[in-house]
Amino acid sequence: MLDLGFVRGNLEKVEEKLRARGADPAALLGDFRALDQSRREAITQAEQLKAHRNELSQKVGALKKSGQDATAVMDETRALKDRLDELDKTAAELDESMRLSLARIPNLTRDEVPTGLSEAENVTVKTWGDKRTFDFEPKPHWEIGEALGILDLERAAKLSGARFAVYMGAGARLERALIGFMLDMHTEQHGYTEVLPPFMVNSKSLFGTGQLPKFAEDLFRCSDADVEAVTRGEFKDNDHWLIPTAEVPVTNLYRDEILDDARLPISLTAYTPCFRAEAGAAGKDTRGIIRQHQFQKVELVKFARPEESDAEHEKLTRNAEEILEALKLPYRRVLLCTGDTGFSAAKTFDLEVWLPGQQLYREISSCSNFEAFQARRANIRFKPGGKGKTEFVHTLNGSGLAVGRTWLAILENYQQSDGAVIVPDALRPYMGSLERITARTV
């Protein structure tokens, strides 16, 4: 969420940044100045009436003390109370309208983010690794996995419908190996603390990281979650939604807390399954496991001082890249343009892995600096130097990595002419020293 004072003082800049995202400022902001003016007037009038009420109360006390009749002043005080109640109600309603208006506004992208409306205008800033040359036509992962008997999409559809997968045998072990490898590398080499959070969260948590209210349709909710209440701006702490990413519970660990400045930056990593309704993805990536309703991911989350968040963003992105490099998977780093940057992010690097079976790069990690946007929504603060006025921390996160997409990238990059898949050296200790995945019957 943006700071009200900033929006008030920089409305033209905010409108310009929204247009750069491809958004309509009028639709998001409405008549912001009129709403803000009405709200401030109601608050000012209420404060003035409260001051006048206090004066009358003192006058009543003085009249009674001197034995004089205080009836007229008491009647005026009661009438004032009724007017004050009305003003307080109006101010509260206008304040809530302003809060909901601010909640609809996406974060403002950094000036260095390229202007553009689609992924076609993203900018490649780095490419790593050599694409393998095959002496046969490489296959896509869904064909490799089915032939090896390690990926079963047909039975998954029988169990749960489209966009689900069943991993079998060495395929299941490869998924588990990747999770362990990623967590070990991030904790032992990169200095993150591992967290195992709940896989369900309340609506307050989803509001804190920016998924609610805008993206309710992209989420799976439990029967106690009230979408209509969310659209009204009512975010509860006793309802439940399945998490779309570990970013949500891990970031909200410190919701409504003041962090010790000496602890910053805080670096956390978490493995969780992720659940996404993919409401806007009809007809996209229907083959294989690129876009699933349920998938596994290892997430990286940081809480940093504002002046250090750029450096921490680079560190976090490098930590994700080092997983790909350890697995020897070719990738590129892409700076997202304004129109492709997520709602809560100020700046995002996507890491895209090369998939020879499909002859394209696909996103495998999205590493973002949210600056104070999420922290303001979730009320996560710190005291610089441990004293004085509190400030909002900067939050950052990224996939380190999406496990399923890493799994399929290994199948496509390490496939052999006989249909087998070579296990990357870095994963063999996690695979019982298995070197090759070969066809088997399950």
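Position labels on residues start from 1 in each chain and follow its written sequence. Reporting of local features is limited, given that this is a predicted model, to residues whose pLDDT is at least 70; pairs of side-chain atoms are given and counted only at 80 or more, and all residues count toward the totals for whole chains, interfaces and linings. Remark: hydrogens and water are excluded; side-chain values derive from all non-hydrogen atoms of the structure.

Participant: Tell me what's going on with the packing of helix 8 (residues 170-189) against helix 14 (residues 403-413), and back it up with residues and numbers.
Facilitator: Axes, fitted as lines to C-alpha atoms, cover a helix only where it is in contact. Angles between the N-to-C directions of the axes lie from 0 to 180 degrees. Think of it this way: any DSSP run of H or I at least four residues long counts as a helix, any run of E at least two long counts as a strand, and we number them from the N terminus. In the contact formed by helix 8 and helix 14, the axes pass within 10 Å of each other and the chain directions differ by 120 degrees. Between helix 8 and helix 14 lies a crossing whose hand is right-handed. On helix 14, the residues that touch Gly171, Leu174, Glu175, Leu178, Ile179 and Met182 of helix 8 are Val403, Gly404, Thr406, Trp407, Ile410 and Leu411. Following the grouping adopted for this structure description, the nonpolar residues are Ala, Val, Leu, Ile, Met, Phe, Trp, Tyr, Cys and Pro, the charged ones are Asp, Glu, Lys and Arg, and the polar ones are all others, Gly among them. Grouping the amino acids of the contact of helix 8 with helix 14 by side-chain chemistry returns eight nonpolar, three polar and one charged. We call a crossing left-handed when the near helix sits turned anticlockwise from the far one by less than a right angle, and right-handed when that turn is clockwise. Residues are treated as being in contact if the distance between any of their heavy atoms lies within 4.5 Å.

Participant: Which residues make up the environment of alanine 270, and what values do they have?
Facilitator: Along the polypeptide, alanine 270 turns up in strand 8 (residues 266-275). Using a 1.4 Å probe on the protein chains alone, a residue whose accessible area is under 20% of its type maximum counts as buried, one over 50% counts as exposed, and one in between counts as partly exposed. For alanine 270, a relative accessible area of 0% corresponds to the buried category. For the pair alanine 270 and alanine 46, spaced 224 residues apart in sequence, the C-alpha to C-alpha distance is 48 Å.

Participant: An account of the sheet that holds strand 7 (residues 257-259) is needed here, citing residue identities and associated values.
Facilitator: Strands sit in the order 7-13-14 across an open sheet of three strands; the sheet is mixed. Among the strands making up the open sheet, the edge pair consists of strand 7 and strand 14 (391-392). With three bridges connecting them, strand 7 and strand 13 (residues 380-382) associate as parallel partners. Within strand 13, the position partnered with leucine 259 by the bridge is phenylalanine 382. Pairs of strands are assigned from DSSP output, requiring at least two bridges between the strands.

Participant: Now, about the pairing of strand 8: what can you tell me, with residues and values included?
Facilitator: The buried fraction of strand 8 is high, at nine of ten residues. Strand direction decides the pairing type here: strand 4 (residues 193-195) and strand 8, joined by three bridges, are parallel. What sits directly across from valine 195, in strand 8, is alanine 270. Of the strand pairs in this sheet, strand 8 and strand 9 (residues 294-304) are connected by ten bridges, and their pairing is antiparallel. The residue of strand 9 that forms the bridge with phenylalanine 275 is glutamine 294.

Participant: Which residues make up the pattern of salt bridges, and what values go with them?
Facilitator: Any two side chains of opposite charge can pair, on the condition that their charged atoms come close. Salt bridge criterion: a side-chain nitrogen from Lys or Arg within 4 Å of a carboxyl oxygen from Asp or Glu. Tallying each qualifying case throughout the model produces 32 salt bridges. For aspartate 36, the salt bridge identified is with arginine 8, shortest N-O distance 2.6 Å. You can see aspartate 36 sitting in helix 4 (residues 32-65) and its partner arginine 8 sitting in helix 1 (residues 4-9), a full 28 residues away along the chain. Linking glutamate 325 and arginine 318 is a salt bridge whose minimum nitrogen-to-oxygen distance equals 3.0 Å. Taking relative accessible area as the criterion, arginine 318 reaches 24% and is therefore assigned partly exposed. Within the structure, one salt-bridge network assembled from shared partners comprises Lys126, Glu314, Arg318, Glu321, Glu322, Glu325 and Arg333.

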